[in-house]
Each structure stands twice: as structure tokens, then as C-alpha cells.
Amino acid sequence: MTDLAGKRIVVGVCGGIAAYKAVEVCRRLVDAGAHVVPVMTKGAEHFIGRTTLSALCSEPVQMSLWDEESPIPHTKLGQGADLVLVAPATARLLGAYANGLSTDLLTNVLIATRAPVVVCPAMHTEMWEHPAVQHNISTLRSRGVHIVDPEDGRLAGGDSGKGRLASPEAIVAAVRAELGPKDLAGTHVVVTAGGTREPIDAVRVIANRSSGKQGYAVAAEAARRGACVTLVSTVDLPAPHGARVVAVETAAQMQDALERLWDSTDVLVMAAAVADFRPVACADGKIKKDGGVPNVVLEPTPDILCALGAKKRPGQTVVGFAAETSDLVANAQSKLARKNLDMIVANDVSQPGVGFQHDTNAVTFLRPGQALESVALTDKRAIARELIDRVVSARS
Ligand code: C5P
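A. Representation of the site of the ligand within the structure. Surrounding the ligand, one finds 14 residues, the nearest of these being Met-270, Ala-272, Leu-305, Lys-335 and Lys-339. Here Ala-272 contributes a backbone N or O atom positioned 2.7 Å from an oxygen atom of the ligand. One of the backbone nitrogen or oxygen atoms of Ile-304 is found 3.1 Å away from a nitrogen atom of the ligand. In isolation the ligand offers 450 Å² of accessible surface; the protein chains occlude 88% of this area. Elements with a contribution of two residues or more to the shell around the ligand: helix 11 (304–310) and strand 16 (317–324). Among the residues forming the shell around the ligand, the class breakdown is eight nonpolar, two polar and four charged.

B. Looking closely at the sheet that holds strand 11 (residues 228–233). Strand order in this open sheet of eight strands is 12-11-8-13-16-17-18-19, and the pairing throughout is mixed. The open sheet has two free edges, formed respectively by strand 12 (243–247) and strand 19 (373–379), since each of these has just one partner strand. With strand direction ignored, the average angle separating the axes of adjacent strands in the sheet is 20°. Sheet analysis places strand 17 (residues 343–348) next to strand 18 (residues 360–366), joined by three bridges and oriented antiparallel. Across the sheet, the residue bridging to Ala-346 is Thr-364, located in strand 18. Contacts from helix 10 (residues 251–262) reach strand 8 (188–193), strand 11, strand 12, strand 13 (267–270) and strand 16, with the element oriented near 175° to strand 8. Contacting strand 16, strand 17 and strand 18, helix 12 (residues 328–338) crosses the sheet at an angle of about 155° to strand 17.

C. The domain arrangement of the protein chain, seen in detail. Splitting the protein chain by domain gives domain 1 (8–178) and domain 2 (188–395). The gap between the C-alpha centroids of domain 1 and domain 2 is 36 Å. Of the roughly 580 Å² buried between domain 1 and domain 2, counting both surfaces, carbon and sulfur atoms make up 44%. At the surface where domain 1 touches domain 2, the tally comes to two salt bridges. Residue Arg-381 is joined to Asp-149 by a salt bridge in which the shortest nitrogen-to-oxygen separation is 2.7 Å. Joining domain 1 to domain 2, the criterion identifies three residue pairs in polar contact (both at pLDDT 80 or more). Within the residue set of the side of domain 1 that touches domain 2, elements represented by two or more residues are helix 7 (131–142) and helix 8 (168–179). Here the side of domain 1 that touches domain 2 is built from residues that sort into one nonpolar, three polar and four charged.

D. Local environment of the packing of helix 1 (residues 19–31) against helix 8. For the pair helix 1 and helix 8, the least separation of the axes is 9 Å and the interaxial angle reads 45°. Taken together, the axis directions place helix 1 and helix 8 in an arrangement best described as oblique. As helix 1 packs across helix 8, the resulting crossing turns out to be right-handed. Across the interface between the two elements, Glu-24, Val-25, Arg-28 and Leu-29 from helix 1 touch Pro-168, Glu-169, Ile-171, Val-172 and Val-175 from helix 8.

E. How the structure looks around the environment of Ala-174. Structurally, Ala-174 is set in helix 8. Under the relative-accessibility criterion, Ala-174 is labelled buried at 6%. Distance from Ala-174 to Ile-147, taken between C-alpha atoms, is 8.8 Å for residues 27 residues apart in sequence.

F. Here's a closer look at helix 7. When the terminal C-alpha atoms of helix 7 are compared, their 16 Å separation across twelve residues agrees well with the 16 Å that a helix rising 1.5 Å per residue should span. If you check which residues of helix 7 are buried, you get Val-133, Asn-136, Ile-137, Thr-139 and Leu-140. Seen from one end, helix 7 has its buried residues packed into an arc of 165°, which puts them on one side. Facing away from the buried side of helix 7, by more than 90 degrees, are the exposed residues Pro-131 and His-135. Within two residues after helix 7, Gly-144 carries a phi angle of roughly 95°, on the positive side.

G. Broad picture of the environment of Val-145. For Val-145, the position within the fold is in the loop between helix 7 and strand 5 (146–147). Along the backbone, Val-145 and Val-118 are 27 residues apart, and their C-alpha atoms lie at a distance of 6.1 Å. In this view, Val-145 contacts Tyr-97, Val-117, Val-119 and Leu-140; residues no more than four positions away in its chain are not counted.

H. Summary view of the nonpolar core. Counting residues in hydrophobic clusters, the biggest one holds 36 residues, and the most contacted among them are Ile-9, Val-13, Leu-29, Leu-53 and Leu-85. Listed by contribution, the elements that provide at least two residues to this core are strand 1 (8–13), helix 1, strand 2 (35–40), helix 2 (50–56), strand 3 (83–89), strand 4 (117–121) and helix 8. By residue number, the principal contributor to this core is helix 1, which donates six residues. Leu-53 has contacts with Val-13, Val-23, Cys-26, Pro-38, Met-40, Ile-48 and Val-61, leaving out every residue within four places of it along the chain. Judged by nonpolar contacts, the second largest core, of 30 residues, contains Ala-223, Ala-271, Val-363 and Val-391.

Criteria and thresholds
Residues numbered from 1 in each chain as written. Predicted model: local features only at pLDDT ≥ 70, side-chain atom pairs only at ≥ 80, totals over all residues. Heavy atoms only, no water. Near = heavy atom within 4 Å. Polar contact = N/O pair within 3.5 Å; in protein donor to acceptor, adjacent residues only side chain to side chain. Areas by Shrake-Rupley, 256 points an atom, 1.4 Å probe, with all protein chains shown as cover. Helix = DSSP H or I, 4+ residues; strand = E, 2+ residues; numbered from the N terminus. Nonpolar A, V, L, I, M, F, W, Y, C, P; charged D, E, K, R; others polar. Pairing = 2+ DSSP bridges. Axes fitted to C-alpha atoms, helices over the stretch in contact; angles between N-to-C directions. Contact = heavy atoms within 4.5 Å. Domains from an automatic or database assignment. Buried area = accessible area lost by both parts, 1.4 Å probe. Salt bridge = Lys/Arg side-chain N within 4 Å of Asp/Glu carboxyl O. Parallel < 35°, antiparallel > 145°, perpendicular 65-115°, else oblique. Left-handed = near helix turned anticlockwise from the far one by under 90°. Buried < 20%, exposed > 50% of the residue type's maximum accessible area, 1.4 Å probe, protein only. Expected span 1.5 Å × (residues − 1). Arc of directions from axis to C-beta. Core = buried A, V, L, I, M, F, W, Y, C linked by side-chain atoms within 4.5 Å.

What follows is the structure in C-alpha cells.
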């Protein structure tokens, strides 16, 4: 496959034991037709030789701001790139990049480029889990940097845990995804995320365990693929790059926000866990416990998705979620029909690692008149890609 032909990719290699895997990544990118420009940090030279990368990439390795006659190679490299990839990225690199510090050629390139950036961290588990590193990761993510999370596995020095560089396949797939089609350009995608909170009194709410992570991943993926994205959210996570967030708390507020957006909505992905019941009335102030156990009377909330599905226009695509603990397919099938949906994403939240609060999910996609398609337990971002692929194919 030479699908990356004509793409100029700057590959930054930092000083970590995983630097040897960058060699394989560069080889695969060259094989796919890309013009690969290697940049090494000083630390990387402790792990691999310049000659190795120079020999298999499209140009000799560059390491310094001061090697050339022209004193500005970083702007040339950054401006000319279709994509900048860093594999492996060390904690130092993440910290410098997140804070805008240009301490060497690679950080200069990263700060000077407007091209998409894919960063693949690799380090010991203790370093990866350090709050400073995690803070830098979420800063970079919120700026639209594509982070390819490290995997669990063997690390240098006989240790084992999370921090091992992602596989060359996963890294090249992330590059392909970034350079892939903007197949939602010109489309307004509205995504809901999180669980609604329905007030009982001034301090108490009826809530659920939804973290909003799946909805945020869908919003980020839609934005990456060129959509104009509005995220109607009940949770306070960093906004995905390119998405506008409308903060809501209750089912009624979510419904109100979606009704306002409806005329301009091309795709609705209803990932939120909307409460099915709410207190009929919210008590003024805090209900005092010395008054005895209160009698909280509940009423059903409006089914937002059902109401919007019923008035769907041609050209609008509506996707729902079905979080189930039994009869997954039968329940999802009936919701698909009843709510007039183009797709429902069913997950069995009783399974380990699936659904609420996890970073992972396992789902079955159901579409009218089509065979079921299941995706085994994987990262919520991978589920988001699968979901958006199907939305695009349903609209074409
Ligand atoms: O019927 P059930 O609640 O299982 O359907 C789940 C789907 O319906 C989800 O996409 C959820 O966001 C949506 N929903 C809704 N309004 C409700 C309850 C659920 O839009 N009151």
C-alpha cells in the first residue's frame, strides 16, 4: 500500500530504549510511499545510530539547530511537513512541548509546525503515571495532538507495566488516521456526553455512573474528520480540540439545548446517559434529616432521542446508545426501531471493562436492515473511530 505517497512526515526520535522501534516505524512509512525526514534528540543517539535512520529514511538525520548554513531549519522542517510524528516521546519532550519550550531541534519543529502532530510516549510506569506527565498529556490532547497511548508490557531493565511504546502497526495507523480523509467536512455533528443530574433539593441529585468519556471520544473523532462539532455535556472534561461545548445538567436542559441545535444538526450522537426518572419537584433549600425520610416522588423524563428521531428529516443521521445488562441485542433492536434511529451502539455494561467510567468499551453496532457488527474490548477512541466510520458510510 503506497497510500502515503507524496506525504512529507518529520519523525522525531527521543532518547529511550524504544528508539529502536522507531526504525521499524520509519521503514513502514517509507514503504507506504511517505517522504520521511528523521530528527533525533541528543538522547536518542545513546540508543540508535544516526546512520541507521539516515540509511532507511528519505533524508539524512538532523539533530541540531546549528548544523546547516541556514540558521532556521526548524521553521523549514515544521512548515514543510504534512505531519510530525514523535516516537518514542520521553517525559522531557512532553513537558517541553506542552509548555512551549524550544530546547532542541525537535521541540523547535513541534512548536513551529501547523501540521497535525502524532506523539507516542514511552517511559517507565512511574513516570507515565506521574501527575505532571499526565497533565502534559491532557494539555497536548486538548490542543489536538494525537496521543498514541503506551501499552502494558515489558519495559527496560526487566520491569513490566504500562509505558511500553505502542506497536509500529498502531503508530502507522494513527499517522494514516491523521492524514486520512476529512469525510465529515461541512457537517454539523452534535454529540451528547455524561449522565444527567436531576435535583432532589438544593444539594442532592439523582445521577448515574456515566463518565462522558465515550461521548468526548466521539466528539474528538468527528472534529478530527472535519466536522463542526457541538458537544452537549454534563461533565467537566477538557474540551476536545475543535469542539464547542454546551454545558447542561438535567435532562430538561439537554433537551432544550438539542432542540435549539436541531435545525442545524446533520448528525446527532446521543452518547449521554439521560436519567429516565426525575423528582416531580425540587425542594427549596436542603431537606433536613430530622424531618424523617422524605417521600421523593418521581416522574419520567422526556425521551429526548425518541422525540428527535420522530421528527428526523432526510439527510439527518441519528445515533443512540443502549447500555444494557441483559438481552443486549433484543433490547437494542427494539430501541433502534422505536426511536427511528440510523444506528444504535449497544454495550453490555455488566461486562468487565465495558461502558461507564472505563477507558475501554466493547460494543455491537446495529443498523436497520444490516448485520450486527461487534467490536471487542478496546480503547474508547477506537470505538469512536468505528462509530464515525459507520456514520460516514450511512450518509454516503
Ligand atoms: O431507552 P434507553 O434509555 O435505554 O435509550 C438509550 C438512548 O436513549 C441513549 O442514546 C440515551 O442518550 C437516549 N435517551 C434519551 N432520553 C431519555 C433516556 C434515554 O434521549 N430520557
